[in-house]
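Architecture at a glance
If you want the building blocks of each chain, they are given just below.
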Amino acid sequence: MKKYFYEFLKGIIKENPTFVLVLGLCPTLAVSVSVINGIGMGIAATFVLLGSNVIISLIKNIIPDRIRIPCFIVVIATFVTITEMMMKAYSPVLDRALGIYVPLIVVNCIVLGRAEAYAQKQTVLNSLFDGLGMGVGFTLALILISGIREFLGAGKILGHTLVKGFQPAFVLGMPSGALLVIGLLLGFFNVLKNRRE
Amino acid sequence: MNAAQFLTIFISAVFIYNVILSRFLGLCSFVAISKETKPAMAMSLSVMFVTTMSSIITWFIYKFLLIPFGLTYLRTISFILVIATFVQFVEMVIRKISPPLYRFFGIYLPLITVNCAVLGVAVLNVDMFFINGRATPGSFYYSLFQGICVGLGYALAMLLMSGIRERLDLCDVPKAVKDFPLAFIIASIMSLSFLGFNGFRF
């Protein structure tokens, strides 16, 4: 049990997909305008990661090595299509807010990266917890970035005003603000890492 | 089909909604390969070629396969498979026909399969030029042109960035922001300056 817990935890801090592995930044930056979009994207990506990791570790022995990447992509694309249809049916507002970034989960490097680097060599349970941990790590990173952007860029968190009379800086809600926040956060985590060493 | 529409597509794809700086597509390759101008150039040309070709191919697939059979929900799977196959095929052809060209482009081609910009253009074309499951007049030419323009926008951002980073090599930067963080901060400033094109309309 402890082993599975470790597999789960490593995705959150030690191998955080966004801040440590620096993978899958396109959706991270594009949807992090508000916390609710960030959470939606995080859940969608977690579902895809979980599903593709489990299926790929189940069928790893029957996939020929030379065409494994197309096989992985088909599995991932299937889960993305499921997510897309579910989102359209149950939460059309979120679907419109996330736009083309939902189908683009297919080319999110985290999902293919985990399939290639982890799921195709590991047992089903390990892959399941790895996928879950990576998904949660990704979601937490999205919440952090979108929290900063929504608070400083619109003065709100989840649509609620926190500080009265606070004049937000609109630039953080724009694309350039996303790049600035992620750049500064990466630098900040580098400082922490250097200090520990 | 008219000239103004083409001009609008050009301006919005290259400047206002630049693939990298505004839509954040293809960001991974943008940060990883923009350290020097020459590889950046090779990557940009490969992306331009693949976005153009995949715009054409996905248009045909959507119009003649997915719509008539009512399979539009399969667009993500079919597009990504066709793009991956096409890229693999081009890589094989280049390797066979021209080894020097392969050395120049070849290593970047496999990377393009998972470049969000390529799938992004295909999905955008479908979203923009197919209304209620029907192709709008001239949609083929618009899709093709948008493919080219998105590639151009990618090349523009890539070349600007690689030029700046080549110069930064000579500067003394703090250890914490070296490489990735600094690249993002520069991209942020570039994105801010591209914002000046906002509201440019015909």
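Residues numbered from 1 in each chain as written. Chains lettered and ligands numbered in written order. Predicted model: local features only at pLDDT ≥ 70, side-chain atom pairs only at ≥ 80, totals over all residues.

Let's shift gears to the overall build of chain A. Scanning chain A for helices and strands turns up 8 helices and 2 strands. Across chain A, helices and strands are ordered from the amino to the carboxyl terminus as α-α-α-α-α-α-α-β-β-α. Computed over the C-alpha atoms, the radius of gyration of chain A is 18 Å, within 12% of the 16 Å expected from 2.2 N^0.38 for a compact globule of 197 residues. Here the C-alpha coordinates of chain A stretch approximately 60 × 50 × 30 Å along the principal axes. (Helix = DSSP H or I, 4+ residues; strand = E, 2+ residues; numbered from the N terminus. Rg over C-alpha atoms; globule rule 2.2 N^0.38 Å.)

Bringing the overall build of chain B into the picture now. Check the secondary structure of chain B and you find 9 helices and 2 strands. Its helices and strands taken in sequence order, chain B reads α-α-α-α-α-α-α-β-β-α-α from the N to the C terminus. Relative to a compact globule of 202 residues, whose C-alpha radius of gyration would be 17 Å, chain B shows 18 Å and is just as compact. In terms of overall dimensions, chain B has C-alpha extents of about 60 × 45 × 30 Å along its principal axes. Counting across all 202 residues of chain B, residues that qualify as buried make up 41%. Partitioning the intrachain contacts of chain B with sequence separation of at least 6 by distance along the chain shows that 78% fall at a separation of at least 24. (Buried ≥ 20, exposed ≤ 12 C-beta atoms within 10 Å, placed from the backbone. Contact = placed C-beta atoms within 7 Å.)

Contacts between chain A and chain B engage 33 residues on the former and 34 residues on the latter. Elements with a minimum of two residues in the side of chain A that touches chain B: α2 (25-31), α4 (68-90), α6 (109-119) and α8 (175-196) of chain A. In terms of residues, the side of chain A that touches chain B owes the most to one element, α8 of chain A, which gives 11 residues. Its residues placed into classes, the side of chain A that touches chain B shows 25 nonpolar, 7 polar and 1 charged. (Nonpolar A, V, L, I, M, F, W, Y, C, P; charged D, E, K, R; others polar.)

Residues and elements named next belong to chain A. With their axes 6 Å apart at the nearest point, helix α1 (residues 2-10) and helix α7 (residues 124-154) run at an angle of 30° to one another. Crossing of α1 over α7 shows right-handed handedness. Contacts between α1 and α7 involve Tyr4, Glu7, Phe8, Leu9 and Lys10 on the former and, on the latter, Leu125, Asn126, Phe129, Asp130, Leu132 and Gly133. Here the residues of the contact of α1 with α7 sort into 6 nonpolar, 2 polar and 3 charged. (Axes fitted to C-alpha atoms, helices over the stretch in contact; angles between N-to-C directions. Left-handed = near helix turned anticlockwise from the far one by under 90°.)

How big an interface is tends to be stated in terms of the accessible area lost upon association of its parts. Structurally, chain B comprises domain 1 (23-153) and domain 2 (165-202). Taken together, the contact pairs 5 residues of domain 1 of chain B with 4 residues of domain 2 of chain B. (Domains from an automatic or database assignment.)

Before going further, it helps to spend a moment on the nonpolar core. In terms of nonpolar packing, the biggest core is built from 97 residues, with Ile76 and Val106 of chain A together with Leu119 of chain B touching the most fellow members. Considering every element that reaches this core, the biggest residue donor is helix α7 (residues 116-129) of chain B, with 10 residues. Three or more residues apiece are contributed to this core by two domains, here domain 1 (23-153) and domain 2 (165-202) of chain B. (Core = buried A, V, L, I, M, F, W, Y, C linked by C-beta atoms within 7 Å.)

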